[in-house]
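Each chain is listed here by its residues.
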Amino acid sequence: MEVLDILNILIDYIASVGLIGGFLIIVLESIIPIIPLSVFIGINVYNFGNVFGFIISYIATICGCLLSYSIFRFLIKDKIYFFKKKNISYYVDKFNNIKLSTLVLILALPFTPAFVVNISAGLSNINFKKFLLALLIGKLATIYFWGYIGTGLIDSIKNPIILIKIFVLLFVSYIICKIIGKIFNLEV
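This write-up is about the structure you can find in this document. Chains are numbered independently. Their residues run from 1 in the order of the written sequence. Since the coordinates come from a predicted model, pLDDT governs what is reported: local features require at least 70, and pairs of side-chain atoms require 80 or more to be given and counted, while whole-chain, interface and lining totals use all residues. Computation of side-chain values: all heavy atoms of the structure, hydrogens and water removed.

Moving on: the overall build of the protein chain. Looking only at helices and strands, one finds eight helices and zero strands in the protein chain. Each helix is a run of DSSP H or I of at least 4 residues and each strand a run of E of at least 2, with the numbering of both proceeding from the N terminus. Seen in sequence order, the protein chain has helices and strands lined up from the N terminus as α-α-α-α-α-α-α-α. With a 1.4 Å probe rolled over the protein chains alone, any residue whose accessible area is under 20% of its type maximum counts as buried; one over 50% counts as exposed, and the rest are partly exposed. Scored against the burial criterion, the 188 residues of the protein chain give a buried share of 41%. Whether two residues are in contact is decided by their heavy atoms: any pair within 4.5 Å suffices. Contacts spanning at least 24 positions in sequence make up 78% of the contacts within the protein chain whose residues lie at least 6 apart. Each accessible area is a Shrake-Rupley estimate made with a 1.4 Å probe; only the visible protein chains count as cover when residues are assessed. Of the roughly 10,700 Å² that the protein chain leaves accessible, carbon and sulfur atoms contribute 71%.

Encoded structure:
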């Protein structure tokens, strides 16, 4: 089975399940990071249009990030500190004093692993309002980016020039993300 066949099956499946299916798959991605967020945002935008696909993906991402944050804040935080590994405490300490603007920037970058941010925020003592505000602002850019890339990737099946543009955009975004990560010493 080729990638194109799998992509068509996913598009058809999410279209048949409807808005709830598109919503739930993105919430699940925030908890299980192996699932590719970009593909599902692209499928939502492709199936439900630019406006509804964006809104569904945005709300689902916020809900999924808050769910992941809550699991680590209220269920796992005390247990993980029992083991207190050096690597974990380093990132958690970074989050305790992070500025809102820095957190928004981290969340807005498309290649930032959101699950690491959610876990670090959940294990840290960061203010919930600060984390929520950063999510609400930062995820706007991420969802827009992946919606554009995802629909462009689906359309690129018919027009390979779009695929070239997408790879250039992805490469530039990746380089910017790496540079900013080094500037803020946030390599994860």
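There is more to say after this.
Moving on, we come to the nonpolar core. As used here, the term nonpolar core means buried Ala, Val, Leu, Ile, Met, Phe, Trp, Tyr and Cys residues forming a set that is joined through side-chain atoms within 4.5 Å. Ranked by size, the top nonpolar core spans 35 residues in total, and within it I41, F95, L103, V117, I126, F131 and L135 carry the most contacts. Of all the secondary-structure elements, those providing two or more residues to this core are α1 (3–17), α2 (19–31), α3 (37–83), α5 (100–108), α6 (114–123) and α7 (128–155). Here this core takes 13 residues from α3, the largest share from any one element. In contact with L135, not counting residues within four places along its chain, are I62, C65, L66 and L107.

Let's shift gears to the environment of E29. The topology assignment puts E29 in helix α2. Once residues lying within four places of it in the same chain are set aside, the contact partners of E29 are I35, P36 and L37.

Together, I161, I164, V168, F171, V172, I175, I176, I179 and I183 make up an exposed nonpolar region whose accessible area comes to about 840 Å². For F171, the location among the structural elements is in helix α8 (residues 160–183). The exposed category is assigned to F171, whose relative accessible area is 52%. By definition, no residue in a patch forms a salt bridge, and every one has over 30% relative accessible area; like charges are joined within 9 Å, nonpolar side chains (Val, Leu, Ile, Met, Phe, Trp, Tyr) within 5 Å. The term salt bridge refers to a pairing of a side-chain nitrogen on Lys or Arg with a carboxyl oxygen on Asp or Glu at a separation within 4 Å.

Our next topic: the packing of aromatic side chains. Whether two aromatic rings pair depends on their centres lying within 6.5 Å, for rings of Phe, Tyr and Trp, where Trp uses its six-membered ring; planes under 30 degrees apart make the pair stacked, over 60 edge-to-face, and the rest tilted. This structure, assessed with the given rule, holds four aromatic pairs. Each ring, one from Y69 and one from F128, has its centre 5.8 Å from the other, and the planes form 45 degrees; the classification is tilted. One end of the pair, Y69, is in helix α3; the other, F128, is in helix α7, and 59 residues separate them in sequence. The interplanar angle of 15 degrees and the centroid separation of 4.6 Å between the aromatic rings of Y69 and F131 together place this pair among those described as stacked.

Taken across its ten residues, α6 has seven buried, putting it largely inside the fold. Taken together, the buried positions of α6 are A114, V117, N118, S120, A121, G122 and L123.

Attention now goes to the environment of I180. Checked against the element boundaries, I180 lands in helix α8. A residue is classified by how much of its surface remains accessible, and I180, at 18% relative accessible area, is buried. In sequence terms I180 and L105 are 75 residues apart; their C-alpha atoms lie 9.0 Å from each other. Residues within four places of I180 in sequence aside, it is in contact with L105 and L109.

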